[in-house]
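What follows is each chain in one-letter form.
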Amino acid sequence: MATYLLRRVLLGVLTLLVITCFVYGLARAMPGTPLTVQLGEDPSRKLNPEDQERLRRIYGLDKPWYMGYAQWLGNVVRGDLGRSITRKQPVTSLIAERIGPTFLVSGTALVLIWLLAIPLGLYASARSGHADERTTSLLLYVLYSFPTFVAALFLQVIFSVWLRGTPWELPLFGMTDLPADAPWPARWADVARHMILPVTCQTYVALAYDSRFIKANMEEVLRQDYIRTARAKGVGPWRVLVRHAFRNTLIPLVTLLGLSLPALVGGSVIIEQIFTWPGMGRLFFESIRERDYPTIMGLTLMFSVLTLLGQLLADVLYCAVDPRVSVE
Amino acid sequence: MTTRNGEPPILEVRGLETHFPIRRGLLRRTVGAVRAVDGVNLDLRRGRTLGIVGESGCGKTTVGRSILRLVEPTAGTIRFAGEDVLATNGAALRRLRRRMQIVFQDPYGSLNPRLTVRAILEEGLVIHGLGDAAARAERMRSALDRTGMPAASLERYPHEFSGGQRQRIAIARALVLEPEFVVLDEPVSALDVSIQAQVINLLVELREQFGLTYLFISHDLSVVEHIADEVAVMYLGRVVEHGSTDQLARAPLHPYTHALFSAVPHVDPTRRRRRIVLVGDVPSPSHPPAGCRFHPRCPLAEPACRTIDPPATDLDGHVVHCHVAARLLEQCDGDGARAAARMAEAMAGMAGMTAAGAAPAQDAAPAGLAIQQAGSHAREGELRRGGS
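Position numbers for residues start from 1 in each chain and track the written sequence from start to end. Chains and ligands are labelled by the order in which they are written, letters from A for the one and numbers from 1 for the other. In keeping with the predicted nature of the model, local features appear solely for residues at pLDDT of at least 70, side-chain atom pairs appear and are counted solely at 80 or more, and the whole-chain, interface and lining totals rest on all residues.

Q: It is not clear to me how the overall build of chain A should be interpreted in this structure. Could you clarify?
A: In terms of helices and strands, chain A carries 15 helices and zero strands. Principal-axis analysis of the C-alpha atoms gives chain A an extent of 85 × 60 × 35 Å. Sorting the 328 residues of chain A into buried and exposed places 29% on the buried side. Helical segments are the DSSP runs of H or I of at least four residues, strand segments are the runs of E of at least two, and each set is numbered from the N terminus. Working definition of burial: number of other C-beta atoms within 10 Å of the residue's own, with buried at 20 or more, exposed at 12 or fewer, and partly exposed in between, all C-beta atoms being placed from the backbone.

Q: Would you explain the overall build of chain B in this entry?
A: Assigned secondary structure in chain B consists of 15 helices and 14 strands. Counting contacts in chain B only where the partners sit at least 6 residues apart, residues at least 24 apart contribute 67% of the total. By the criterion used throughout, residues are in contact when their C-beta atoms, derived from the backbone, lie within 7 Å.

Q: Help me understand the sheet that holds strand β2 (residues 29–44) of chain B in this model?
A: Across a sheet, strands are paired by hydrogen bonds formed along the backbone, either parallel or antiparallel in direction. The four strands lie next to each other as β2-β1-β4-β5 (chain B), forming an open sheet whose pairing is antiparallel. Two strands close off the open sheet at either side, each with one partner strand: β2 and β5 (83–84) of chain B. Whether two strands pair depends on DSSP finding at least two bridges between them.

Q: Looking at this structure, how should I read the interface of chain A and chain B?
A: Many descriptions give the size of an interface as the accessible area lost when the pieces come together. In this assembly, 16 residues from chain A lie in contact with 21 residues from chain B. The biggest single contributor to the side of chain A that touches chain B is helix α9 (residues 225–233) of chain A, with seven residues.

Q: What is the right way to look at the nonpolar core in this model?
A: A general feature of soluble globular proteins is that nonpolar side chains tend to end up buried together. By size, the foremost hydrophobic cluster in this structure holds 131 residues, and its most contacted members are Ala172(B), Val182(B), Leu184(B), Leu215(B), Phe216(B), Val233(B) and Ala325(B). Ranked by residues supplied to this core, first place goes to helix α8 (residues 184–222) of chain A with ten residues. When near neighbours in sequence (up to four residues on either side) are disregarded, Val182(B) contacts Gln101(B), Ile102(B), Val103(B), Ala174(B), Leu212(B) and Tyr214(B). Each nonpolar core consists of buried Ala, Val, Leu, Ile, Met, Phe, Trp, Tyr and Cys residues. Their C-beta atoms, within 7 Å, join them into a set. Counting residues in each nonpolar core, the second largest holds 16 residues, with Trp72(A), Met280(A), Leu299(A) and Met302(A) among its members.

Q: What's the story with the pairing of strand β7 (residues 181–185) of chain B in this structure? I'm lost.
A: Residues in a regular strand project their side chains so that they alternate between the two faces of the sheet. All names here are of chain B. Where burial is concerned, most of β7 is hidden: five out of the five residues are buried. Burial of the side chains of β7 extends over both faces: Phe181, Val183 and Asp185 are buried on one face and Val182 and Leu184 on the other. When strand β6 (residues 100–103) meets β7, the two strands line up parallel, connected through four bridges. Across the sheet, the residue bridging to Ile102 is Val183, located in β7. Two strands pair when backbone bridges link them, and β7 and strand β8 (residues 213–218) are joined in this way by five bridges, in the parallel orientation.

Q: Looking at this structure, how should I read the sheet that holds β8(B)?
A: Residues and elements named next belong to chain B. Strand order in the open sheet formed by eight strands is β6-β7-β8-β3-β9-β10-β13-β12, and the pairing between neighbours is mixed. Each end of this open sheet is capped by a strand with a single partner; those strands are β6 and β12 (313–315). Across this sheet, the average inter-strand angle for adjacent strands is 20°, counted without regard to direction. Of the strand pairs in this sheet, strand β9 (residues 230–235) and strand β10 (residues 238–244) are connected by six bridges, and their pairing is antiparallel. Bridging across to β10, Ala232 finds its partner in His242. Every angle, taken between N-to-C directions, lies between 0 and 180 degrees, and every axis is a line fitted to C-alpha atoms, over only the stretch in contact when it is a helix.

Below is the structure:
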């Protein structure tokens, strides 16, 4: 187990090097720098060439990209993710600020997805071929094909515009309308109301996908002889479904769960942007737009580490759910 | 088919039909049916073993599963120990399930890979409320012991065992519920030749010890001859011939049975033998031929065979469905052996056969090799494609 973990970690570090090097190179290759993008074409904010040159030197933009990458890497090894160029604060504190709101939405969505997808998948495989299952599956498929950004706009129109003034009205965007010194129960209730639409958007697509995934896996397992063995023993239909069939579909599910770990803190760029939710996805989007290299790199590093960790976690979980698998 | 000593049969199957609907199109309408089992009658007395033989796809496995209600039959009646199996549901069906068990062909697929042997064996006991924890442990130990597996197997998972060991566990799994009747669905076909004999002998031993009744499904005639008291030959969802193993081995009356037996390799290389090679493929069970189902491949087919479904001809419990066999029996004054000999002659005289000399390698094959071929469906392939 120890050598296995060590091998995985070494392999992971190598992967991280490749990813970050690639992303840094690409970010620097994008036209513009933090200075030009930030100042834009506004003539009143025009910097004279000497000042521009000075700032370029300060931020290390005068050196070629591989030198910049080496410098960034050296700082990372010392535990320093650097400072955001456009926001004038350390990348770590930026992340710390944004991770909570993202986690709130993604975590709630993830819990909802699994709480709903598993019963739905089991129901669909138990009633496979019947009219009610086919209707449900068709509906889920329609939902799955419906783009999030369109759904988000529809939801905004319905709940924030058409239903304005009714008890069903929901906030259009943002995380809270109350000042920071409002009493906490009111603040929490307000945040919860703001969360409803983003969470709905993030849940429905994955729900449709996951329940279909579970159903497909269940149908495969339900054809196996050991399901007949169980029925021959006299095992009831519900128990056959859960204990004999569902347990055998856990491996692909664990993979799916492992892969959803990065999304948990990565958030959804589109949803956070539409609902102006102050989370990681939006930070990532903005940092790319502003060519804020340290922030781009800090977030890239974090997402990559989480993706690798999710995969490792899935592999370790395999052993827990399948006696035939050993990490050795 | 009649019970000779007056005791009612433990299993009585009448007119069993199991059709699987074929659904097509957007609305998944039923456009037809695969008639996997299409009118099967069987009787089985307590303590006896009935072998069902036939090619792949003849419906023998579906018969076994229908009797246990693992697939739902379309029509017919099944009586087990006086109870109407098809009319039973819920708790009553569960009680019946304990008394009728099954061992599947593939021991790699029939044991749930997530469960320990203990969980696999104990589940049935718990469901049927058989004994407290200590009594259950004792039953499991004894079932494993009888099948030649150590008690330590309980804590292990199926993947830790070989195929033969797994099949022993599958048998122990069935036996632990102390059933009266066991369907053995090709229980040795997936096993290595050297293991086949061990498992067959184990099954025979267990039958004597517990007075079990077996329905032994196989495509391997040599194995069936060894274990079964009676044999039913199935073709395309029907039983075409049924009799004691002895009757069938000595005096097969149906042309299909002749073809099947002629394909069994013999140990004695000097024995003169004619191989009957059937021409053509088995017709689709969704569109079975009219009249006798065997007529498109039968070398003796007559005009009547194409239109009239041959009725049962019963000769001391030896039942055959064949127009030609019925006429031969009449001509021989009901002497089965003479009729069988004339049938063999007639088959030999018709087209689509080769003399023994044409396949010397087959005839000279040692016994062990012969069994291996049987296990790997080689014989069935020969039967269909014709010629070696």
